[in-house]
Amino acid sequence: MLPDFFQYDFLRYTFLTGLLIGVIAPLLGTFIVVRRLSLIADALSHVTLAGIAFGLMAEKKFGLMIGPLYSGMAFSVLGSILIEKLRSVYKAFQELAIPIILSSGVGLSVIFISVADGFNTDLFNYLFGSVSAVSQNDFLMILTIAIFVILVVVLFYKELFTLSFDEEHATISGLHSKQIHLLFIVLTALVIAASIRIVGVLLVSALMTLPVAASMRLAKGFKQMMLLSILFGELSVIIGLISGYYLSIPPGGTIVMVSIIILLIAIGIKRLKIRV
Amino acid sequence: MEYPAVTMKNVSYAYENKTVLDHINFEVPKGAFMGVVGPNGGGKTTLIKLILGLLKPDKGSINIFNENGEKLQDRNKIGFVSQKANAFNKGFPATVYEVVSSGLTATIGYFKFFNKTHKDKILHAIDQVGMLDYAYENIGNLSGGQQQRIFIARALVSDPELIILDEPTVGIDYENVKRFYELLHQLHQKQNKTLLLVTHDTGTMTEYATDIVCLNKTLHFHGKPEEYTSLTEKDLSQFYGHPVNIVSHNH
Ligand SMILES: Nc1ncnc2c1ncn2[C@@H]1O[C@H](COP(=O)(O)OP(=O)(O)O)[C@@H](O)[C@H]1O
Ligand SMILES: [Mg+2]
């Protein structure tokens, strides 16, 4: 089944990109889940969509070749900083920042899309992911993002863990909680922008959370949960990409369904363990 | 010269317009085991947040080991066990070891990793609170009393001189509260830690504390445990603003 993925360049880049996001999405997802920030991932993916729509519009209407992936990334990172600003404005209602940013993202996307008189197939690819969309350039950019994200997480692992477990205690002990949190949100924005090519806007947060939900049932401790999440993420991406390609289904759908199956198995195993 | 662990001079604090602390003056001498009592809403947690630097006083000054509390460089001189510790997210998937290690994060500093010495320190802190057998268990699987011990270990691991505890025994059964006080007593006696403890179990606390303050917006009492226990119900009712029945503990 695999040969096609090695024979055709575009498929090989898709496959390699998939392997990268199978690591970085659950890696950050672990922190996102334990900090109960899953909705931020959703908000940011919709802002990324606005950025992508902007890039496609600029290309079609004005002939500006920004590259939708770059404009998507720029919007995502800006959106992440805005969310943090809004959270400090609405101190007592921090969750308000999420619907505000999410709806702005959707609103802007609709405007950009209609200005460009629609761009159906491209947009469909961005919503649900695509196996044929990754160019060599895309791959190199996503590789850069992945290396950067992994380096930062390794370097700041103890701070990120301490902050996630108990933010107040982290602050008291003298950590720069606000700055570390901002760094973390920007990393999340980058990972989302990098993942959208393959899993699509609507399903990117699933790849960040479902493998974590599964490993949470089985792991002992935080580090183990993180490693298990990455393993589940990789399994989902590999099986999802291959089956999506051969069944002609956007990979976003197949990847998420594989993660759901893994999740169900994890819940089942836990049940069995309790009974034994 | 030995400086007091905490010195508060004329400290006032208000949330929006509601004054919670009004011209507080007091000292926690080095080596003291100070108990803080007072009614709910009396400002005890606010006082602690001021000492920890989470809030800034509207008026007055706070010194920690003779350093301005707002600019305190070495935050690791203070260990903290929170009121909320026993209400933390029980599902959080972390082992006892991982939780205690988070108490060292700031001490180690950015861009550095845990080494063998740090690992030994972490295990030693877990051992001190008698939980070594559980080092690699998920913290969510432990009882409330055991979890509270882990949070003490997290405070101890950076070897602070002053340990602040905000109602650490809420929701813990009587037997474990006793063991908990024994642990505090050891830290105070054997390791010369300065302790500042907010609590409602005055009966047990007065057996171990060296100083007691009563806080309800202002300081109503500051003295030795013997003086506190000799207060009449009438005196206490005045602090609390409602009638108080002294429950005697005969051991
Ligand atoms: N973040 C806050 N905003 C507004 N009021 C607060 C806040 N925290 C505490 N308060 C009020 O300040 C008073 C003192 O609270 P606190 O210091 O928690 O008292 P204690 O710990 O003695 O029960 C209470 O009336 C409480 O309602
Ligand atoms: Mg309180």
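Per an unreviewed UniProt entry, chain B carries the name Metal ABC transporter ATP-binding protein and comes from Oceanobacillus profundus. UniProt annotates chain B under Sequence similarities (unreviewed entry) with the comment "Belongs to the ABC transporter superfamily."

As annotated in an unreviewed UniProt entry, chain A is Metal ABC transporter permease from Oceanobacillus profundus. Among the UniProt annotations of chain A, the heading Sequence similarities (unreviewed entry) holds the following wording: "Belongs to the ABC-3 integral membrane protein family."

As a further point, take the site of ligand 1. All names here are of chain B. Contacts to ligand 1 come from Tyr15, Lys18, Val20, Pro39, Asn40, Gly41, Gly42, Gly43, Lys44, Thr45 and Thr46. For ligand 1, a nitrogen atom lies 3.4 Å from a polar atom in the side chain of Tyr15. In this structure, Gly42 approaches ligand 1 through a main-chain N or O atom, which is 3.2 Å from an oxygen atom. Bound to the protein, ligand 1 loses 62% of the 560 Å² it would expose on its own. Mapped onto the shell around ligand 1, the elements with two or more residues apiece are strand 2 (18-28) and helix 1 (44-52). Counting residues per element, the shell around ligand 1 draws most heavily on helix 1, which supplies three residues. Of the residues assigned to the shell around ligand 1, the class counts are three nonpolar, six polar and two charged.

A few words on the pairing of strand 10 (residues 218-223) of chain B. All names here are of chain B. Judged from the five bridges that link them, strand 9 (residues 211-216) and strand 10 form a sheet pairing that is antiparallel. Bridged to Leu215 within strand 10 is Leu219. The hairpin formed by strand 9 and strand 10 contains one residue between the paired strands, and Lys217 there has a positive phi angle of roughly 70°.

What counts and what doesn't
Residues numbered from 1 in each chain as written. Chains lettered and ligands numbered in written order. Predicted model: local features only at pLDDT ≥ 70, side-chain atom pairs only at ≥ 80, totals over all residues. Heavy atoms only, no water. UniProt positions renumbered as here; feature names shortened; annotations may be inferred. Near = heavy atom within 4 Å. Polar contact = N/O pair within 3.5 Å; in protein donor to acceptor, adjacent residues only side chain to side chain. Areas by Shrake-Rupley, 256 points an atom, 1.4 Å probe, with all protein chains shown as cover. Helix = DSSP H or I, 4+ residues; strand = E, 2+ residues; numbered from the N terminus. Nonpolar A, V, L, I, M, F, W, Y, C, P; charged D, E, K, R; others polar. Pairing = 2+ DSSP bridges.

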